Amino acid sequence: MKERKHENAQLIPDGITDIGDFAFKNEQFDGIKSVVMPNSVEYIGESAFENADNIKYVVLSGSIKRIGVNAFARCKQLDSIAFRSGPPLCLNYLTQNGVLFERNYDRFGKSHGYTLFQYPCGRANKEYNIPVTVDDRAADGGVEVTEIGENAFMECVHLEAVYFSAYPGTKMEIGRCAFAWCNKLDTVRLSSNIHRIDPTAFLGCRSLKRILIPKGTRKKFETMFPFKQTWELLKEE
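What counts as what
- Residues numbered from 1 in each chain as written.
- Predicted model: local features only at pLDDT ≥ 70, side-chain atom pairs only at ≥ 80, totals over all residues.
- Heavy atoms only, no water.
- Helix = DSSP H or I, 4+ residues; strand = E, 2+ residues; numbered from the N terminus.
- Rg over C-alpha atoms; globule rule 2.2 N^0.38 Å.
- Contact = heavy atoms within 4.5 Å.
- Areas by Shrake-Rupley, 256 points an atom, 1.4 Å probe, with all protein chains shown as cover.
- Lys, Arg positive; Asp, Glu negative; His and termini not counted.
- Charge placed at Lys NZ, Arg CZ, Asp CG, Glu CD.
- Salt bridge = Lys/Arg side-chain N within 4 Å of Asp/Glu carboxyl O.
- Buried < 20%, exposed > 50% of the residue type's maximum accessible area, 1.4 Å probe, protein only.
- 1 Å grid on protein atoms, 1.4 Å probe; cavity = no way out; pocket = protein on both sides within 12 Å on 5 of 7 lines; lining within 4 Å.
- Points joined across faces, edges and corners; volume = space filled by probe spheres on them.
- Nonpolar A, V, L, I, M, F, W, Y, C, P; charged D, E, K, R; others polar.
- Pairing = 2+ DSSP bridges.
- Axes fitted to C-alpha atoms, helices over the stretch in contact; angles between N-to-C directions.
- Polar contact = N/O pair within 3.5 Å; in protein donor to acceptor, adjacent residues only side chain to side chain.
- Phe/Tyr/Trp six-rings, centres within 6.5 Å; stacked < 30°, edge-to-face > 60°.
- Lys NZ or Arg CZ within 6 Å of the ring centre and 35° of its normal.

Trainee: Account for the overall build of the chain, with residues named and values stated.
Mentor: The number of helices and strands found in the chain is two helices and 19 strands. Taking 18 Å as the expected radius of gyration for a compact globule of 237 residues, we find that the chain reaches 18 Å, a close match to that expectation. Expressed as lengths along the three principal axes of its C-alpha atoms, the size of the chain is roughly 55 × 40 × 30 Å. Contacts in the chain between residues far apart in sequence, at least 24 positions, make up 54% of those at least 6 positions apart. Approximately 11800 Å² of the chain is accessible, and the part contributed by carbon and sulfur atoms is 47%. Put simply, the chain has 31 plus and 30 minus side-chain charges, and the middle of one group is 5 Å from the middle of the other.

Below is the structure:
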């Protein structure tokens, strides 16, 4: 994909390797719409750009080794996260359609699927289909998505519906505050392979009217939601 030309960009100086925790949190970046990182950047700290409301695009370094939780959370105009074109190829993260995914590793260091790490919460799309796989160039093919990460969709401005689909042989988890305070979220369709939902996953979703679940799974999903008020939203289909 051809690299976007970024006007009004905040260019992180070449040679910088770490962006610290909370480095640009709540920074308004007046007149700045993009943040572009050189290939020297390897670490982005916790909440590094959280609530930086004017940012629309983030361009990451292929050298990235670790991104802290909430690094790009609550950026109310953020529309896309991408990697710089060309080498190096990032091994721990990838983006697909502007959404950031993190590679999962077990305790033996073996890779096993991806976590949806950050959805751009300012994106204008009203619906999103959780991909069952992502295109991993390092693995030469599609690799399954197995988790929605902590705060991944938190405070999405426009999102009204989210749809999950089952991937054969894969278990899916929905993490802490994954969809918390998505005030326009109205409909969620869950898939049969979901085996854990954090109690805070849909915290503060005040517009949520229905949670669609596969036929015959009501008892299973009731055990995943701590409040009986939520059970009333479960609709088998």
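Following the structure, the description resumes.
Trainee: Hey, could you go over the pattern of salt bridges for me, with residue numbers and the actual values?
Mentor: With the rule as written, the count across this model stands at 14 salt bridges. Glu155 is the partner of Arg74 in a salt bridge, and the nearest nitrogen-oxygen pair spans 3.3 Å. Within this pair, whereas Arg74 is found in the loop between β6 (66-67) and β7 (80-83), its partner Glu155 is found in the loop between β13 (141-148) and β14 (161-163), the two being separated by 81 residues in sequence. Take Arg74: its relative accessible area is 21%, and that puts it in the partly exposed class. In this structure, Asp186 engages Arg210 in a salt bridge whose closest nitrogen and oxygen atoms are separated by 3.3 Å. Separated by 24 residues along the polypeptide, Asp186 in the loop between β15 (172-174) and β16 (187-189) and Arg210 in strand β18 (residues 210-213) bring together distant segments of the chain. Salt bridges sharing partners connect three or more residues here, namely Lys25, Glu50, Arg74, Lys76 and Glu155.

Trainee: Please set out the layout of surface pockets residue by residue, giving values where relevant.
Mentor: Considered as a void within the structure, the second largest pocket measures approximately 200 Å³ in volume. Considering the residues around the second largest pocket, the lining is formed by 15 residues, among which Pro199, Phe202, Leu203, Phe227 and Thr230 are closest to the centre. In the lining of the second largest pocket, the residues fall into eleven nonpolar, three polar and one charged.

Trainee: Report on the sheet that holds β16, specifying residues and quantitative values.
Mentor: Sheet architecture is open: five strands sit in the order β11-β14-β16-β18-β19, paired in parallel fashion. In this open sheet, the two edge strands, each paired with only one partner strand, are β11 (127-129) and β19 (234-236). Between one strand and the next, the sheet's axes are offset by a mean angle of 15°, whatever the strand orientation. Bridging between β16 and β18 involves three bridges; their strand directions are parallel. Within β18, the position partnered with Thr187 by the bridge is Arg210.

Trainee: Report on the environment of Gln77, specifying residues and quantitative values.
Mentor: Locating Gln77 in the fold gives a position in the loop between β6 and β7. Sequence separation between Gln77 and Arg123 is 46 residues; the distance between their C-alpha atoms is 6.9 Å. There is a polar contact of 3.4 Å between the side chain of Gln77 and the side chain of Asn54.

Trainee: Can you tell me about the environment of Ser207, naming the residues and giving the values?
Mentor: Position of Ser207 relative to the elements: it lies in the loop between β17 (194-197) and β18. Accessibility expressed as a relative area gives 24% for Ser207, which makes it partly exposed. For the pair formed by Ser207 and Thr187, sequence separation is 20 residues and the distance between their alpha carbons is 8.7 Å. What Ser207 contacts, discounting residues up to four positions off in sequence, is Asn183, Lys184, Leu185 and Asp186.

Trainee: Could you give an account of the packing of aromatic side chains, with specific residues and numbers?
Mentor: Within this structure, the stated rule accounts for ten aromatic pairs. Taking the centre distance of 5.9 Å and the plane angle of 50° together, the rings of Tyr128 and Phe153 count as tilted. With Tyr128 in strand β11 and Phe153 in the loop between β13 and β14, the pair connects residues that are 25 residues apart, well separated along the chain. In this pair, the class of Tyr128 matches that of Phe153, namely buried. Taken together, a centroid distance of 6.3 Å and an interplanar angle of 35° make the contact between Phe202 and Phe225 tilted. Placement of the pair is Phe202 in the loop between β17 and β18 and Phe225 in the loop between α1 (218-222) and α2 (228-231), with a sequence separation of 23 residues. As far as burial versus exposure is concerned, Phe202 and Phe225 are alike and both buried. Through pairs of rings, three or more aromatic residues link up here, namely Tyr119, Tyr128, Phe153, Phe164, Phe179, Phe202 and Phe225. Between the NZ or CZ atom of Arg123 and the centre of the ring of Tyr119, over which it lies, the distance is 5.7 Å.

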